[in-house]
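Overview (structure and organization)
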Amino acid sequence: MMTDRPAAAQALALTGALLATWDALHPLCDQWLQDGKDAVNKGACGHHLVYRDGTPVGEEAEGDDRTGEPTMTATRLGWISAARHVASYSAGQLTGTVLLTRALGYRVPAPALLAGAAINGLTHLVIDKRQPLLWLAAKAGKGGYVDHCTVVRRIDQDGAAKVEESGPGSAVFELDQALHRAIGAFAAVTTTWLTIRSTRKGRTR
């Protein structure tokens with residue numbers, strides 16, 4: 001069986017470059033570029049009304065008059081916050097990818113680059129909403145891991161520990177990061193395949 005060695009080498013090199021770039025940029029785009037309020041509110045879910053900062057209506061701080069302030073359901077706030085996070089994440093990832101590939105003298109076709117970004121972005125949106133991630137974790141038999149590996153960062157007004165099921169240090173966070181990176185590998189292969197396909201089409205014209 002004969003293989004096109006130059007094309008195979010190009011595919012392996014581009015896939016490796018994309019994987020290395022996206023993996024290196026992932027913490028920066030996922031943490032540093034994420035707005036703090038979006039990080040807190042992206043997993044919000046429910047039909048109860050909340051303010052834009054995530055405070056539930058009726059649970060305002062004492063003396064805090066928020067009359068006339070816009071409200072929305074918790075689910076809507078969650079999707080808006082998650083979408084903003086994904087927008088900044090995708091912008092950072094795309095910018096870094098273009099800078100790296102062009103600095104090395106290589107141009108990834110826009111459709112291929114956008115396809116990879118879309119795969120990463122859309123799945124990132126769904127995963128960060130938490131409910132789909134928790135459903136998948138339960139189906140995969142990770143429920144015990146999720147319940148066991150939680151974190152305590154704060155003490156409430158009564159002096160009781162407030163357990164958090166997500167965020168750094170928790171099983172949910174680790175499962176979240178693992179999925180993002182695995183999907184990134186699929187996105188890199190997809191981008192490479194579309195790039196090689198586009199290059200071959202250009203040569204046959």
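Report on the accompanying structure. Fair warning: this is a prediction, and the values are worked out from it, not measured in the lab.

1. Quick look at the packing of aromatic side chains
As enumerated under the stated definition, the model contains 0 aromatic pairs in all. The ring of Trp79 has Lys129 lying over it, and the distance from NZ or CZ to the ring centre is 5.3 Å.

2. Things to note about unusual backbone geometry
Phi is positive for Arg130, close to 75 degrees, though the residue is something other than glycine. By the secondary structure assignment, Arg130 is in the loop between α4 (110-128) and α5 (131-139). Judged by relative accessible area, Arg130 falls into the buried class, the value being 12%.

3. Quick look at the pattern of salt bridges
Two side chains with opposite charge may pair up if their charged atoms get near one another. Taken as a whole and judged by the stated rule, the model has 8 salt bridges. Arg154 is the salt-bridge partner of Glu164, the closest N and O atoms lying 3.9 Å from each other. One end of the pair, Glu164, is in strand β4 (residues 161-164); the other, Arg154, is in strand β3 (residues 151-155), with 10 residues separating them in the sequence. Salt bridges sharing common partners tie together Asp53, Arg66 and Glu69.

4. Observations regarding the side chain of Lys129
By the secondary structure assignment, Lys129 is in the loop between α4 and α5. Buried and without a salt bridge, Lys129 has Asp128 as its closest oppositely charged side chain, separated by 10 Å. A polar contact is formed between the side chain of Lys129 and the backbone oxygen of Ala44, at a distance of 2.8 Å. If we ignore the near neighbours within four places in the chain, the residues touching Lys129 are Lys42, Gly43, Ala44, Thr75, Gly78, Trp79 and Ala82.

5. Things to note about the nonpolar core
Judged by nonpolar contacts, Leu14, Leu18, Trp22, Val108, Ala112, Leu113, Ala187 and Ala188 together constitute the single largest core of 8 residues. Looking at this core, the elements that each hand over two or more residues are α1 (5-32), α4 and α7 (171-204). Those residues within four positions of Val108 in sequence are excluded, and the remaining contacts are Leu14, Thr101, Leu113, Thr191 and Thr195. The next biggest cluster of nonpolar side chains, apart from the first, holds 7 residues, and it includes Leu133, Ala137, Val146 and Val172.

6. Considerations on α4
For α4, which comprises 19 residues, the first-to-last C-alpha distance of 26 Å matches the rise-based estimate of 27 Å (1.5 Å per residue) to within 8%. Taken together, the buried positions of α4 are Ala112, Leu113, Gly116, Ala117, Asn120, Gly121, His124, Leu125, Ile127 and Asp128. After α4 finishes, the residue Arg130 shows a positive phi value of roughly 75 degrees.

7. What about the packing of α1 against helix α3 (residues 74-103)?
Here α1 crosses α3 at 140 degrees, and the two axes come no closer than 9 Å. In terms of orientation, α1 and α3 fall into the oblique class. Note on packing geometry: the crossing formed by α1 with α3 is right-handed. From α1, Ala17, Leu18, Thr21, Trp22, Leu25, His26, Cys29 and Asp30 reach across to α3, where they touch His85, Tyr89, Gly92, Gln93, Gly96, Thr97 and Leu100.

Rules behind the numbers
- Residues numbered from 1 in each chain as written.
- Predicted model: local features only at pLDDT ≥ 70, side-chain atom pairs only at ≥ 80, totals over all residues.
- Heavy atoms only, no water.
- Phe/Tyr/Trp six-rings, centres within 6.5 Å; stacked < 30°, edge-to-face > 60°.
- Lys NZ or Arg CZ within 6 Å of the ring centre and 35° of its normal.
- Helix = DSSP H or I, 4+ residues; strand = E, 2+ residues; numbered from the N terminus.
- Buried < 20%, exposed > 50% of the residue type's maximum accessible area, 1.4 Å probe, protein only.
- Salt bridge = Lys/Arg side-chain N within 4 Å of Asp/Glu carboxyl O.
- Lys, Arg positive; Asp, Glu negative; His and termini not counted.
- Polar contact = N/O pair within 3.5 Å; in protein donor to acceptor, adjacent residues only side chain to side chain.
- Contact = heavy atoms within 4.5 Å.
- Core = buried A, V, L, I, M, F, W, Y, C linked by side-chain atoms within 4.5 Å.
- Expected span 1.5 Å × (residues − 1).
- Axes fitted to C-alpha atoms, helices over the stretch in contact; angles between N-to-C directions.
- Parallel < 35°, antiparallel > 145°, perpendicular 65-115°, else oblique.
- Left-handed = near helix turned anticlockwise from the far one by under 90°.

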